[in-house]
Amino acid sequence: MPAGLSLRADAFINAFSLEVSAKAMPALRAEAARIPRGTIISIPWLASEDDDARLAAACAVRELGFEPMPHLSARRIGSHAALERFLERAAGEAGVARCLLIAGDLATPIGPFADSASIIETGLLERHGIKVAAIGGHPEGHPVMSSDERWQALQHKCQRIEARGMAPLIVTQFAFDADTVLTWLDALRTRGITVPVLVGVPGPASITRLLRYAAMCGVGASASMLARYGISIGRLLGTAGPEVFVDRLVKGLTSAHGQVSPHLFPFGGVAPSLEWIEQYRQRVRGARGVIHED
């Protein structure tokens, strides 16, 4: 691997963030010594967990020296008061200063919030000390929005977040095809959206588990995409890590793409994901291996 590319890969992987659910906090605590202080830990909204569990997770993340980023699932929030209670507790109990806004998976909202934009417009985020408001990015498209609608919504939300004195951040869904992500990043920057991006990266896991999560999350997993990721459709019994994906992504990134960092979804567990990061770091520092070509 050329020295310049190795340095870029090293810097890229060292800027990682993690997605860790409330129920996985014991695993995070067990591996905390391997994670740099200040690392963003994203806490997803899961139907099997309540606000108390999410807030306890945010407190645990803060106590471990990391930066909690709980998700707010708009269509799952029952009322304006419920949102305010959560934000007030998140700020007061866990020092939460960033959150990720998502629409949620319900066809019909249970309360007044139909999408993430409606949460932004309440003014509650900045009122309760949120400094960074993250929103979702979809390199592979959106199930119910056209391309133009998707770009307009993304740009509008970034503008409204900034207008309210907060910093926008984009967190993408995980993907298997780095070229698709690079094309999306090109389009993002061409449209003048310069905010930082956390690119979703699937952590190492069994191939069957990766495919199951892809189906659950609407991520493309065609034979050609899997091949580009390094998975043979004829061999589904093993495990797969994202080294091919990350190599291709780093190789394609340029200064024009701005601030882009990896956001790991530890589908195979927190410990295996951290072990993979360490192994990748060792490789790009010149121990062995090369950047994967087509």
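Residues numbered from 1 in each chain as written. Predicted model: local features only at pLDDT ≥ 70, side-chain atom pairs only at ≥ 80, totals over all residues. Heavy atoms only, no water.

Undergrad: Explain the overall build of the protein chain to me, please; I cannot follow it from the model alone.
TA: A count of helical and extended segments in the protein chain gives 12 helices and 10 strands. A separation threshold of at least 6 residues defines the contact pool for the protein chain, and within that pool the share at least 24 residues apart is 82%. Carbon and sulfur atoms provide 53% of the accessible area of the protein chain, an area that totals close to 12,900 Å². (Helix = DSSP H or I, 4+ residues; strand = E, 2+ residues; numbered from the N terminus. Contact = heavy atoms within 4.5 Å. Areas by Shrake-Rupley, 256 points an atom, 1.4 Å probe, with all protein chains shown as cover.)

Undergrad: Just checking my understanding: could you explain the sheet that holds strand β2 (residues 40-43) for this structure?
TA: What links the strands of a sheet is backbone hydrogen bonding, and the strands pair in either a parallel or an antiparallel sense. Strands sit in the order β1-β2-β3-β4-β5-β6-β7-β10 around a closed barrel of 8 strands; the barrel is parallel. Going from strand to strand, the sheet's axes swing by 30° on average, the running direction of each strand aside. Here 3 bridges tie strand β3 (residues 67-73) to strand β4 (residues 98-102), and the two strands are oriented parallel to one another. Paired with S73 across the strands is I102, a residue of β4. (Pairing = 2+ DSSP bridges. Axes fitted to C-alpha atoms, helices over the stretch in contact; angles between N-to-C directions.)

Undergrad: Please clarify how the packing of helix α8 (residues 178-190) against helix α11 (residues 243-252) should be interpreted in this entry.
TA: Packed helices, taken two at a time, are described by the angle between their axes plus the distance between the axes. Two elements in contact, α8 and α11, have axes whose closest approach is 9 Å; the angle formed by their N-to-C orientations is 30°. Overall, the two elements α8 and α11 adopt an arrangement that is roughly parallel. Viewed along their axes, α8 and α11 form a crossing whose handedness is right-handed. Contacts between α8 and α11 pair A178, D179, V181 and L182 from the former with F245, R248, L249 and G252 from the latter. For the contact of α8 with α11, the per-class residue count stands at 5 nonpolar, 1 polar and 2 charged. (Parallel < 35°, antiparallel > 145°, perpendicular 65-115°, else oblique. Left-handed = near helix turned anticlockwise from the far one by under 90°. Nonpolar A, V, L, I, M, F, W, Y, C, P; charged D, E, K, R; others polar.)

Undergrad: Help me understand helix α7 (residues 147-163), please; the structure alone is not making it clear to me.
TA: Because an α-helix packs 3.6 residues into every turn, residues spaced three or four apart end up facing the same way. Given a rise of 1.5 Å per residue, 17 residues ought to cover 24 Å, and the 24 Å separating the end C-alpha atoms of α7 matches this to within 8%. Within the sequence span of α7, burial applies to R150, W151, L154, K157, C158 and I161. For α7, the angular spread of buried residues about the axis comes to 130°, placing them on one side. Residues of α7 that are exposed and angled more than 90 degrees away from the buried face: D148, Q152 and A163. For α7, the secondary structure elements touched by its buried residues are α5 (116-120), β5 (132-137), β6 (167-172) and α8. Where α7 ends, the next residue or the one after it, G165, has phi of about 85°, a positive value. (Expected span 1.5 Å × (residues − 1). Buried < 20%, exposed > 50% of the residue type's maximum accessible area, 1.4 Å probe, protein only. Arc of directions from axis to C-beta.)

Undergrad: Got a minute to help me understand the environment of I119 in this structure?
TA: Tracing the backbone shows I119 in helix α5. Sequence spacing of I119 and S73 is 46 residues, and the spatial spacing of their C-alpha atoms is 9.5 Å.

Undergrad: Can you help me understand the packing of helix α3 (residues 51-63) against helix α4 (residues 80-94) in this one?
TA: In contact at an axis separation of 9 Å, α3 and α4 are set at 25° when each is read in the N-to-C sense. Viewed along their axes, α3 and α4 adopt a mutual orientation that is roughly parallel. You can see that α3 and α4 cross each other, and the crossing is right-handed. For the pair α3 and α4, contact is made by D51, D52, R54, L55, A58, C59 and R62 and by F86, R89, A90, E93 and A94, respectively. Here the contact of α3 with α4 is built from residues that sort into 6 nonpolar, no polar and 6 charged.

Shape is all these values report; function is a separate question.
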